[in-house]
Amino acid sequence: MSEIDPTLRDEQYQLRVRDLHKSFGSHHVLRGVDLDIERHKINIIIGGSGQGKSVLCKHLMGLLKPDRGAIYVDGEDIVPLDEVAMNRVRRKFGMLFQHAALFDSMTVEENVAFPLREHTRLSRKKIRELVTDKLELLGLRNAEQKMTSELSGGMAKRVGLARAIVLEPEILIYDEPTTGLDPIATKNVDNMIAETARRLGVTSIVISHDMASTFRIADHIFMLQGGRIVASGTPGEILRSDNPDLRLFVETSGAVKFTQGRARGGLG
Amino acid sequence: MAQPRSDIAPKGSPWWLRLVDSFWVQLLGPILKGLETFGHMLVLLSQATYWLFRRPFRWREHLAALDFIGVGSLSIIVLVGLFTGAAFSLQVTDTFRTFGMESYIGAMVTLALVRELAPVLTALMVTARAGSAMATELGSMRITEQIDALRTMAVSPVQYLVTPRILASVLMMPLLTMVFTFAGMLGAYFVAVILLEVDHGLFVAETEWMVDAYDIKIGLIKAAIFGLVLSSIGCQQGFFAEGGAKGVGRATTRAVVYSCVTILMLDYFVGDILLIIYESPT
Ligand SMILES: Nc1ncnc2c1ncn2[C@@H]1O[C@H](COP(=O)(O)OP(=O)(O)O)[C@@H](O)[C@H]1O
Ligand SMILES: [Mg+2]
């Protein structure tokens, strides 16, 4: 971890987490997480189920309050902020939920238009144009009037992504964007994340336990285990790491062949 | 969740200690749970009030809630009102005739409707229809993370979801209660005057003499309080639902049961307090 004062706005790191603790009753989920998220990069957090990845995500946007610790967004600690002040910070973020969390009382178009209606004064016509643009970009032409219940899992995720990026946030959080998708849809979602990061220059934070996906798109990988970040590095560093937990996770995730191939290729 | 843990008696303790321990868990568990629920409700209610006066004002959501709770409940309230008035009138006419008090039938039926039957039965019907829907809607939005999604988009879910429902219930309950009363009187009149041939003049005259603005005020105040109760409970149960689809079902059941019990209990106490405050002129 870098030793620079986390309260300073820093060109390299947009988000910094220090000694984050969270318990639910007697269940101590986060036990001192330290995390530095680089600006404009794809940062992937891996770890087994129930390790607290979603809980960590929800802390980053102030959806949960930690028991202890600090979260700096561009140098500002968001932990003490109340809901009203937090809303100002949240406008820097977009979040794609694991199950998309689309509003089921609205159509696809209304879902994607929702952030625009809330936070801009654009005309109906302009909003409609923007929404159609975003949907087309994600391969969802002619889905505007569908109800969210008519969508497949992969489509729902893309609509969720459209809704998350429509205000062009600086930071995008994806909670398990590829879990439960077939290989082709997985690849599409991966491409979509990489595309979005490149085109909009956003800082991406991706939660995943899919190693193949991870090595395909990550700039930086963190491993969350036992409530702490136990390993961190570029994909190359992660592959060469001799951290036993990490090795076990990588090797049992079915991505061994892929990662070995890439390691050989990568190391020449 | 507040849940007293069984700390006193570790495994292998004497039987009486374990008995005390399990007694403590059995007894305190539900009490703590109840207090927690009530606390959540008060917090939610105060937040809903706070957000009512903050921009943006959500006209669309307010209108939708008014429409759902008010307009949507209209036909069922009219139907239940008609039959309640009719059934009540049937029994009252039968009884009062025996005692030669035919002239009081209209007054009796109307007073009962205005003060008791209309506010209470309207509240129970609105609970069944709208209170349960609030718990189900908010509950399913909670477990599918739609409520968190609202927050990520810097929209207050309390302002967006809870405030309109509570406000609409408080505003619509008195109106629906008036509709219920009117329908009830129609039903009562039909049964007493047309079917059982009570004299029209008697029915109307005594009613006008016995029932005044004071009675109507009691009924409407009760109705507004019941509206506050049923919507706060419905929203609280949904907003804090957990545990998947089952949890939503549980939230809905609880919303209906808690609301009905609270309404019927409050009916007595509010009635008592209002009688003291306004010292009945009749
Ligand atoms: N709101 C909550 N209340 C109680 N326990 C929770 C809550 N949210 C998460 N947990 C618990 O925290 C742990 C981590 O959950 P989560 O972050 O969802 O794991 P994952 O790494 O699979 O995303 C789990 O054991 C879960 O049961
Ligand atoms: Mg998760």
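Residues numbered from 1 in each chain as written. Chains lettered and ligands numbered in written order. Predicted model: local features only at pLDDT ≥ 70, side-chain atom pairs only at ≥ 80, totals over all residues. Heavy atoms only, no water.

1. Overview of the overall build of chain B
Right, on to step 1. Scanning chain B for helices and strands turns up 9 helices and 0 strands.
Right, on to step 2. In chain B, the succession of α and β elements from N to C terminus is α-α-α-α-α-α-α-α-α.
Right, on to step 3. Counting only C-alpha atoms, chain B reaches 75 × 55 × 35 Å along its principal axes.
Right, on to step 4. Per-residue burial for chain B yields a buried fraction of 45% across its 282 residues.
Right, on to step 5. Contacts in chain B between residues far apart in sequence, at least 24 positions, make up 83% of those at least 6 positions apart.
Right, on to step 6. For chain B, the accessible surface area stands at approximately 14,200 Å², while carbon and sulfur atoms represent 71% of it. (Helix = DSSP H or I, 4+ residues; strand = E, 2+ residues; numbered from the N terminus. Buried < 20%, exposed > 50% of the residue type's maximum accessible area, 1.4 Å probe, protein only. Contact = heavy atoms within 4.5 Å. Areas by Shrake-Rupley, 256 points an atom, 1.4 Å probe, with all protein chains shown as cover.)

2. Things to note about the overall build of chain A
Right, on to step 1. Scanning chain A from N- to C-terminus turns up 10 helices and 10 strands.
Right, on to step 2. Its C-alpha radius of gyration of 19 Å places chain A within 12% of the 18 Å reference for a compact globule of 268 residues.
Right, on to step 3. Dimensions of chain A, computed from the C-alpha atoms along their principal axes, are close to 55 × 45 × 40 Å.
Right, on to step 4. Counting every position in chain A, which comprises 268 residues, the buried fraction comes to 53%.
Right, on to step 5. Long-range pairs, those at least 24 residues apart, make up 65% of the contacts in chain A between residues at least 6 apart in sequence.
Right, on to step 6. Put simply, chain A shows about 12,100 Å² of open surface, and 50% of that area lies on carbon and sulfur atoms. (Rg over C-alpha atoms; globule rule 2.2 N^0.38 Å.)

3. What to know about the packing of helix α2 (residues 59-69) of chain B against helix α6 (residues 157-195) of chain B
Describing two packed helices takes the angle between their axes plus the distance from one axis to the other.
Residues and elements named next belong to chain B.
Right, on to step 1. Between α2 and α6, the least distance of the axes is 8 Å, while the angle of their chain directions is 40°. It follows from the interaxial angle that α2 and α6 lie oblique. As for how α2 packs across α6, the hand of that crossing is right-handed. Along the contact surface, α2 presents E61, H62, A65, L66 and I69, while α6 presents Y160, T163, P164, R165, L167, A168, S169, L171, M172 and L176.
Right, on to step 2. Across the contact of α2 with α6, the residue classes tally to 10 nonpolar, 3 polar and 2 charged. (Axes fitted to C-alpha atoms, helices over the stretch in contact; angles between N-to-C directions. Parallel < 35°, antiparallel > 145°, perpendicular 65-115°, else oblique. Left-handed = near helix turned anticlockwise from the far one by under 90°. Nonpolar A, V, L, I, M, F, W, Y, C, P; charged D, E, K, R; others polar.)

4. Remarks on the sheet that holds strand β7 (residues 171-175) of chain A
Residue and element names in this part refer to chain A.
Right, on to step 1. A sheet is described by the order of its strands in space; here 6 strands give the open sequence β6-β7-β8-β3-β9-β10, paired in mixed fashion. Two strands lie at the open edges of the sheet, namely β6 (93-96) and β10 (228-233), each paired on one side alone. This sheet shows a mean twist of 20° between the axes of neighbouring strands, independent of strand direction.
Right, on to step 2. In the sheet, strand β3 (residues 42-46) pairs with strand β9 (residues 220-225) via 4 bridges, with the strands oriented parallel. Paired with N43 across the strands is H220, a residue of β9.
Right, on to step 3. Lying over the sheet, helix α5 (residues 153-165) contacts β6 and β7, oriented at roughly 175° with respect to β6. (Pairing = 2+ DSSP bridges.)

5. Some words on α5(A)
Right, on to step 1. End to end, α5(A) covers 18 Å across 13 residues, agreeing with the expected 18 Å (1.5 Å per residue, within 8%).
Right, on to step 2. With 10 of its 13 residues buried, α5(A) lies for the most part within the structure.
Right, on to step 3. Turning to α5(A), its buried residues are G154(A), A156(A), K157(A), V159(A), G160(A), L161(A), A162(A), R163(A), A164(A) and I165(A).
Right, on to step 4. Considering only its buried residues, α5(A) is in contact with β6, α3 (108-119), α4 (124-137), β7 and α6 (183-200) of chain A together with α5 (146-152) of chain B. (Expected span 1.5 Å × (residues − 1).)

6. Points about a nonpolar patch on the surface
All names here are of chain B.
Right, on to step 1. Together, L74, V78, L79, L82, F83, F182 and L186 line one region of the surface with nonpolar side chains, adding up to about 670 Å² of accessible area.
Right, on to step 2. Counting only elements with at least two residues in the nonpolar patch, the list comes to α3 (74-98) and α6.
Right, on to step 3. A per-element tally of the nonpolar patch places α3 first, with 5 residues.
Right, on to step 4. Looking at where L74 falls in the secondary structure, it is placed in helix α3. (Patch = residues over 30% accessible without salt bridge, like charges linked within 9 Å, V, L, I, M, F, W, Y side chains within 5 Å. Salt bridge = Lys/Arg side-chain N within 4 Å of Asp/Glu carboxyl O.)

7. What to know about the confidence of the model for chain B
All names here are of chain B.
Right, on to step 1. For chain B, the mean per-residue pLDDT works out to 91, and 95% of the residues sit at or above 70.
Right, on to step 2. The secondary structure element of chain B with the lowest average pLDDT is helix α7 (residues 200-210), at 85, and the one with the highest is α6, at 97.
Right, on to step 3. Across the interface, the model reports ipTM at 0.88; the global pTM reads 0.87. (pLDDT = per-residue confidence, 0-100.)

8. Side note on the packing of helix α4 (residues 105-143) of chain B against helix α9 (residues 244-278) of chain B
Residues and elements named next belong to chain B.
Right, on to step 1. Where α4 meets α9, the axes come as close as 8 Å, and the angle between the chain directions of the two elements is 150°. By the angle between their directions, the pair α4 and α9 is classed as roughly antiparallel. Judged by the sense of rotation from one axis to the other, the crossing of α4 with α9 is right-handed.
Right, on to step 2. A per-class count over the contact of α4 with α9 returns 14 nonpolar, 9 polar and 3 charged.

9. A word on the site of ligand 1
Residues and elements named next belong to chain A.
Right, on to step 1. Ligand 1 sits among F24, H27, V29, G48, S49, G50, Q51, G52, K53, S54 and V55.
Right, on to step 2. Between ligand 1 and H27 there is a distance of 3.1 Å, counted from an oxygen atom to a side-chain nitrogen or oxygen.
Right, on to step 3. At 2.7 Å, a backbone N or O of G50 approaches an oxygen atom of ligand 1.
Right, on to step 4. Protein coverage of the free-state accessible area of ligand 1, which is 560 Å², stands at 60%.
Right, on to step 5. Elements supplying a minimum of two residues to the shell around ligand 1: β2 (27-38) and α1 (53-60).
Right, on to step 6. With 3 residues, α1 is the largest single contributor of residues to the shell around ligand 1.
Right, on to step 7. A per-class count over the shell around ligand 1 returns 3 nonpolar, 7 polar and 1 charged. (Near = heavy atom within 4 Å. Polar contact = N/O pair within 3.5 Å; in protein donor to acceptor, adjacent residues only side chain to side chain.)

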